[in-house]
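This is what each chain is made of:
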Amino acid sequence: MKLSSRAYNLFEAFDKPGCPVCRLTLDSVHHFLDSLIYEYVNKPATHESMRAARGFCPAHAWHVQRELNASALGVAVLYEGILRHLLEDMGTVSPGDGRRQVGQATSALQPREPCPACVHQATVEDHLLRNLLDHLDQAEFADGLRRSEGICLPHLRQALDIAGRVQHKVRLLAIQQAIWGDLQRDLAEFMRKYDYRFATEGMGDEGTSPRRAIESTAGQFGIR
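Report on the accompanying structure. The shown structure was predicted, so the numbers you read here are calculated from the model rather than taken from an experiment.

1. Some thoughts on the packing of aromatic side chains
Think of a pair of aromatic rings as described by two things: how far the centres are apart, and how the planes are tilted against each other in angle.
1) Next: Here the structure, examined in full by the defined rule, presents three aromatic pairs.
2) Next: Where Phe14 meets Phe141, the ring centres are 5.2 Å apart and the plane angle is 65 degrees; that geometry is what we call edge-to-face. Residue Phe14 is found in the loop between helix 1 (5-13) and helix 2 (20-38), and its partner Phe141 is found in helix 8 (residues 139-147); the two are separated by 127 residues along the sequence. The two residues Phe14 and Phe141 agree in class, both being buried.
3) Next: Site record: aromatic cluster; members linked through ring pairs are Phe11, Phe14 and Phe141.
4) Next: Lying over the aromatic face of Trp62, Arg66 brings its terminal NZ or CZ to 4.9 Å of the ring centre.

This is how it looks when you write it as structure tokens:
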């Protein structure tokens, strides 16, 4: 089996819980944010992109706060500049001011560029999905996807929107339908065993089906 580095990472992720594209994307975004806060926080390009974006989006801002144990100094260095430029661009607004000041402030509040972490995430997702599609003609790779929990619904939509060979998309859809068929049967079995008449049977793999159903349709927590 010949795989690119990204495809190999996907192949390894097939044996782990949840959407493999979500898992690898979240890992990459985590490392991107960690590097930005600890290694690139004093780079002019970092400050320019963060000021243009008016800071991280809510999801990535809270990732920095909760998941990185981030350097408080690094956050302060970034956001002091963001707020300073935001105030400068808004201009001074006094209680007696009129429409012009409101218009200037309204314009200043809008981001000029997207969140840098969102740009990184979109690039990683695109590369992973292209590699997923490109390697589905290899039986071992396709079998790995089939035994996984599959990709989530948002990433399936993205994959189908990518320009590429129809045959690869057909393979992906067939595999995903088989995975969802298994999941639907597990959910039905979970509901049956929840009935008091069958409660003594005990739960098997179907016990995780509610969690898998959420992840399969929404993606892993933190991806959006």
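2. Examining the packing of helix 10 (residues 166-194) against helix 11 (residues 209-218)
1) Next: Across the interface, helix 10 lies against helix 11 with an axial gap of 9 Å and an inter-helix angle of 145 degrees. Read as a crossing pair, helix 10 and helix 11 show a hand that is left-handed. Where helix 10 approaches helix 11, its residues Gln176, Trp180, Leu183, Asp186, Leu187 and Phe190 are matched on the opposing element by Ser209, Pro210, Arg212, Ala213 and Ser216.
2) Next: When grouped by side-chain class, the residues that make up the contact of helix 10 with helix 11 number six nonpolar, three polar and two charged.

3. Quick look at the environment of Asp186
1) Next: Its place among the elements puts Asp186 in helix 10.
2) Next: Its relative accessible area of 21% is what places Asp186 among the partly exposed residues.
3) Next: For Asp186, the residues in contact, after removing those within four places along its chain, are Glu206, Ser209 and Arg212.

4. Quick notes on the pattern of salt bridges
1) Next: Taken as a whole and assessed by the stated rule, the structure comprises 13 salt bridges.
2) Next: In this structure, the salt-bridge partner of Arg211 is Glu149, at a minimum N-O distance of 3.1 Å. You can see Arg211 sitting in helix 11 and its partner Glu149 sitting in the loop between helix 8 and helix 9 (153-161), a full 62 residues away along the chain.
3) Next: A relative accessible area of 33% means that Arg211 is categorised as partly exposed.
4) Next: Among the ionic pairs, Asp186 bridges to Arg212, the shortest N-O distance being 3.0 Å. With a gap of 26 residues between them, Asp186 in helix 10 and Arg212 in helix 11 connect regions that are remote in the sequence.
5) Next: Judged by its relative accessible area of 13%, Arg212 is buried.

Parameters and conventions
Residues numbered from 1 in each chain as written. Predicted model: local features only at pLDDT ≥ 70, side-chain atom pairs only at ≥ 80, totals over all residues. Heavy atoms only, no water. Phe/Tyr/Trp six-rings, centres within 6.5 Å; stacked < 30°, edge-to-face > 60°. Helix = DSSP H or I, 4+ residues; strand = E, 2+ residues; numbered from the N terminus. Buried < 20%, exposed > 50% of the residue type's maximum accessible area, 1.4 Å probe, protein only. Lys NZ or Arg CZ within 6 Å of the ring centre and 35° of its normal. Axes fitted to C-alpha atoms, helices over the stretch in contact; angles between N-to-C directions. Left-handed = near helix turned anticlockwise from the far one by under 90°. Contact = heavy atoms within 4.5 Å. Nonpolar A, V, L, I, M, F, W, Y, C, P; charged D, E, K, R; others polar. Salt bridge = Lys/Arg side-chain N within 4 Å of Asp/Glu carboxyl O.

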